[in-house]
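Remarks on the overall topology
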Amino acid sequence: MLLHLSIENYTLIEKLSIHFNEGFSVITGETGAGKSILLGALSLLSGPRADTSALKDKAKKSIIEATFDIENYNLVDFFNENDIDYDSQCIIRREITPQEKSRAFINDTPVSLSVMRKLGEQLMDIHTQNANLLLQNKDFQLIIIDQYANIQTQINDYQTQYKQYMVLQKDYQTLFEKNINQDKDYWSFLYKELEEANLQLGEQQKLEEELEVLSNSEEIKQELFTVYQQLQEGETNILSALYDAKNRIQHIGKYKVEIKNIAERLESQLLELKDITQEIDGEQEKINYNPQRIDSINERLNTLYNLQQKHKANNEEQLIEIQEKIAKSLQQITDSEIEKNEMEKALAEMKNQLLKQATWISERRKAVIAKIEIDLKKILQQMNMPNAQIKIQLDSSNSLNQRGIDKASFLFSANLGLKMQLVEKVASGGELSRLLLAIKSLISQKNILPTIIFDEIDSGVSGEVSARMANVMKAIASYSQVIAITHSPQIAAKSKHHYLVYKETLQQKTISDIKNLSPDERIQEIAKMISNEEVTETSMDAAKQLLEN
C-alpha cells in the first residue's frame, strides 16, 4: 500500500509531503485546489510520458517520490528479474528535468519507464474521471472477465506468443509478398534460354570474321587467283623474271664481293616470295562460296544479337555474367522456397497452439460469466439499483486476436420492463459510475492490488447513492488500501482517514498543499461540503450526524 508521497516543483505544488494510512481514505478540497494535480503526479509513477510544462519553476527539476509497503504482494521475482534490490518498503521516484529529460528509479536503481510501468500497475489502480469510457471498450470488457476468472497469467502467456506469431506473419508477408512460383518460372525461362545458347567466349568475333570472308568469297578468290598468276604462271611471271635476274647477278658475283652479296640477298627474297605464292594458292583453294554456312552463321549471330539486346549486353562475355547472376537468383528462390515452407509450417504450428490456448481461455471465461452477472447485480443493489439487470455475451470465432478468439458485450438495464441493451448505449453517467465501481469491487477481490484510487467516481449521483457507493468502497478497503478523491460529504464521512488539498498564497505565489485532518477539522470540512463552503450550525450538525452514522 501507499505509505508516503512527496512532490516537488510540480505545477502548483512547490513542496508537498504526506503520509497515507491503510483502509479507506478520502481526499477533498475546493475545485482548483490541486486534487487533480496530486493525482497527475501520482500517476507519473506508473510510467506515462511527462514534459517540462509540468514544472512550477522551469529552472529546477520536478521530483515525485512514493513509498509503498509491498511485503505481502509476491514481488520478489519482479525485482530479481530486473536486477533491483528488494525491500519490503519500495521507493519509486520520477524526475523531470528542465532539459526535458525524464528519469525513473526503483529503490534508487535507475530503470526504464516500461519497468516502472510494470511495477506501478501492480501497486496502484487509478480510476480517473474518464474511466467510465472503458466500459465502451471491448478489450476492457474481456479484461474484466479475465481478471474475475483469474487467468491473467495465461492471458499474458498467450499474448507473448501472439506477438511472436504476428511478428513472424509480418516477416512472412514482407519476404513472400510476391509470388515465388511466378518469379521462379520467369528466371528459369531466362536461364534456360541462355543455357541453350551454349555461350562461348570469343565466338561472336570469330563468326563475324568468317561471315565477312564467306560474304566476299568470290572477290577474294578472284583476286588471290590473279595475284598467283602474276607471281608464278605464264611466260612473264614475276618469279621467273626474278630467277633470271638472280642468275645474272650470281654469275658476275665472282668478280666482286659486293655483287655476290646482292645475289645472296636476292635469292633469300626469292625463297620468301615463293613461299608467299604457295600460301596464296593455298588460301585461294580454301575459299569456296557456301550459302548454307552463311545461313548458319547468320542464324547463330542473330541469336547472340537478340540475347544481347534482351539483356542489354554488349557481348557474349556480359551475357555469360548475366547467366551466372540468374543462376544465383534461381538458387536464392530455391532457398526462399525452403524458408517459405519452414515459415508456413512454423506459422501453422503457432496458430494451432494459439487456438488451443485461446479455446482454453474462452472456456474459462464462459465458466465464470453467470457468476459475474449474479455478483454484479448484488453489488448494484447495494448502490440503490435494485432492478438492475446485466448480461454478458461472449461471441467466439476461429479468428485470433490479441486477447484470444472472443468478443464480449455487456448488456444492461437499470429498470424493470426495459429491454437490455449495450451498456454504452443505455447507461447514464451515474449508472456507469456505479457499474464500474461494482466491477472494480468484484475484480479487486480476485486480483488484490495494494492501492486503489478513485477520482470522483461518485460524479453524477445523489447523496444517498454516494453513501451506498461509499459502503462498497469501504468493503474494498477491507483487503486493499482505497483512496477516493470526492466532492461528496457522504463518501467523505464514511472514510477512515480524511485529507484536504488546499491552496494558499505565499510571497505572491499560489501553491497547493495537503494535510491529514484532525477530527474537528474533519467536521468543519464536511460541513463546508454540505453547505457549499459556508459553515452553518445546521451544516455542522449534519456533518456530525454523517460521521456518527
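Structural notes, computed from the coordinates. This structure is a prediction, so every number in the text was calculated from the model and none was measured. (Residues numbered from 1 in each chain as written. Predicted model: local features only at pLDDT ≥ 70, side-chain atom pairs only at ≥ 80, totals over all residues. Heavy atoms only, no water.)

With that settled, consider helix H12 (residues 316-382). For H12, spanning 67 residues, the distance from its first C-alpha to its last is 92 Å, which sits close to the expected 99 Å at 1.5 Å a residue. Of all the bends in H12, the greatest measures close to 35 degrees and is centred on Val368. With a side-chain oxygen positioned 3.1 Å from the backbone nitrogen of Glu317, the residue opening H12 is Asn315. One or two steps after H12, the chain reaches Asn384, where phi turns positive at roughly 65 degrees. (Helix = DSSP H or I, 4+ residues; strand = E, 2+ residues; numbered from the N terminus. Expected span 1.5 Å × (residues − 1). Bend = angle between axes of the 7 residues up to and from the residue. Polar contact = N/O pair within 3.5 Å; in protein donor to acceptor, adjacent residues only side chain to side chain.)

With that settled, the discussion passes to the nonpolar core. Ranked by size, the top nonpolar core spans 70 residues in total, and within it Leu400, Leu437, Phe454 and Met473 carry the most contacts. Setting aside residues no more than four positions away along its own chain, Phe454 makes contact with His127, Leu437, Lys440, Met473, Ile476, Val482, Ile483, Ala484 and Ile485. Listed in part, the 44 residues of the second largest apolar core include Leu38, Leu119, Leu123 and Met124. (Core = buried A, V, L, I, M, F, W, Y, C linked by side-chain atoms within 4.5 Å. Buried < 20%, exposed > 50% of the residue type's maximum accessible area, 1.4 Å probe, protein only. Contact = heavy atoms within 4.5 Å.)

Attention now goes to the sheet that holds strand E5 (residues 89-96). In spatial order, the strands read E2-E1-E4-E5-E6-E7; together these six strands make up an open sheet with antiparallel pairing. If you trace the sheet from one side to the other, it starts and ends with strand E2 (13-19) and strand E7 (109-111), each paired once. Taken pair by pair, the neighbouring strands of this sheet meet at an average axis angle of 15 degrees, ignoring direction. When strand E4 (residues 62-69) meets E5, the two strands line up antiparallel, connected through eight bridges. Counterpart to Ile63 in the pairing with E5 is Glu95. Sheet contacts for helix H1 (residues 35-43): strand E1 (2-10), E2 and E4; angle to E1, the most-contacted strand, approximately 105 degrees. (Pairing = 2+ DSSP bridges. Axes fitted to C-alpha atoms, helices over the stretch in contact; angles between N-to-C directions.)

Let's shift gears to the side chain of Arg403. Note that Arg403 resides in the loop between strand E9 (389-401) and strand E10 (404-413). Excluding its chain neighbours within four sequence positions, the residues that come into contact with Arg403 are Asp139, Leu142, Ile143, Asp146, Gln152, Ile155, Tyr158, Gln159 and Arg365.

In helix packing, the relevant descriptors are the interaxial angle and the interaxial distance, both defined with respect to the helix axes. Across the interface, H12 lies against helix H14 (residues 429-446) with an axial gap of 9 Å and an inter-helix angle of 120 degrees. Between H12 and H14, the angle falls in the class oblique. As for the relative orientation of H12 and H14, their crossing is right-handed in sense. Here Ile372, Asp375, Leu376, Ile379 and Leu380 of H12 lie close against H14, whose contacting residues are Arg434, Leu435, Ala438, Ile439, Ser441 and Leu442. Within the contact of H12 with H14, the residues separate by chemical class into eight nonpolar, one polar and two charged. (Parallel < 35°, antiparallel > 145°, perpendicular 65-115°, else oblique. Left-handed = near helix turned anticlockwise from the far one by under 90°. Nonpolar A, V, L, I, M, F, W, Y, C, P; charged D, E, K, R; others polar.)

Pairing within the open sheet is mixed, and its six strands lie in the order E8-E12-E13-E3-E14-E15. The strands lining the two open edges of the sheet, one partner per strand, are strand E8 (124-127) and strand E15 (509-516). Geometrically, the sheet is characterised by an average inter-axis angle of 15 degrees between neighbouring strands, direction not taken into account. Inspection of the sheet shows strand E14 (residues 497-506) paired to E15 by eight bridges, in the antiparallel sense. Residue pairing for E15: Thr505 is matched across the bridge by Thr510.

So, on to unusual backbone geometry. You will see that Asn9, though not glycine, has its phi angle at about 55 degrees, which is positive. Topologically, Asn9 is positioned in strand E1. Residue Glu456 is not a glycine yet carries a positive backbone phi of 50 degrees. Its location among the elements puts Glu456 in the loop between strand E12 (451-455) and helix H15 (463-476). When its relative accessible area of 18% is taken as the criterion, Glu456 is described as buried.

Mapped onto the secondary structure, Ser329 falls in helix H12. What makes Ser329 partly exposed here is its relative accessible area of 22%. Considered as a pair, Ser329 and Thr28 are 301 residues apart in the sequence and their alpha carbons are 73 Å apart.

The subject of this paragraph is the pattern of salt bridges. In a structure, side chains of opposite charge can pair up when their charged atoms sit close to one another. Under the counting rule described, the total for this entry stands at 18 salt bridges. A salt bridge links Lys440 to Asp125; the nearest nitrogen and oxygen atoms lie 2.9 Å apart. Of this pair, Lys440 sits in helix H14 while Asp125 sits in strand E8, and the two are 315 residues apart along the sequence. Residue Lys440 is classed as buried on the basis of its relative accessible area, which comes to 10%. The closest approach of N and O atoms between Asp146 and Arg403, which form a salt bridge, is 2.8 Å. Taken as a pair, Asp146 in helix H4 (residues 138-149) and Arg403 in the loop between E9 and E10 lie far apart in primary sequence, 257 residues in all. (Salt bridge = Lys/Arg side-chain N within 4 Å of Asp/Glu carboxyl O.)

The subject of this paragraph is the environment of Ile530. One can find Ile530 in helix H17 (residues 519-530). For the pair Ile530 and Glu324, spaced 206 residues apart in sequence, the C-alpha separation works out to 90 Å. In contact with Ile530, other than residues within four places in its own chain, are Pro489, Ser539, Ala542, Ala543 and Leu546.

For a regular strand, side-chain orientation follows a simple rule: the groups alternate between the two sheet faces. Burial runs high along E10: nine of the ten residues are buried. Where E9 lies against E10, nine bridges are found, and the strand directions are antiparallel. Note on E10: the bridge partner recorded for Asp395 is Lys407. Between E9 and E10, which follow one another and run antiparallel, lie two residues. Across two bridges, the pairing between E10 and strand E11 (residues 421-422) is antiparallel. Across the sheet, Leu411 pairs through a bridge with Leu422, a residue of E11.

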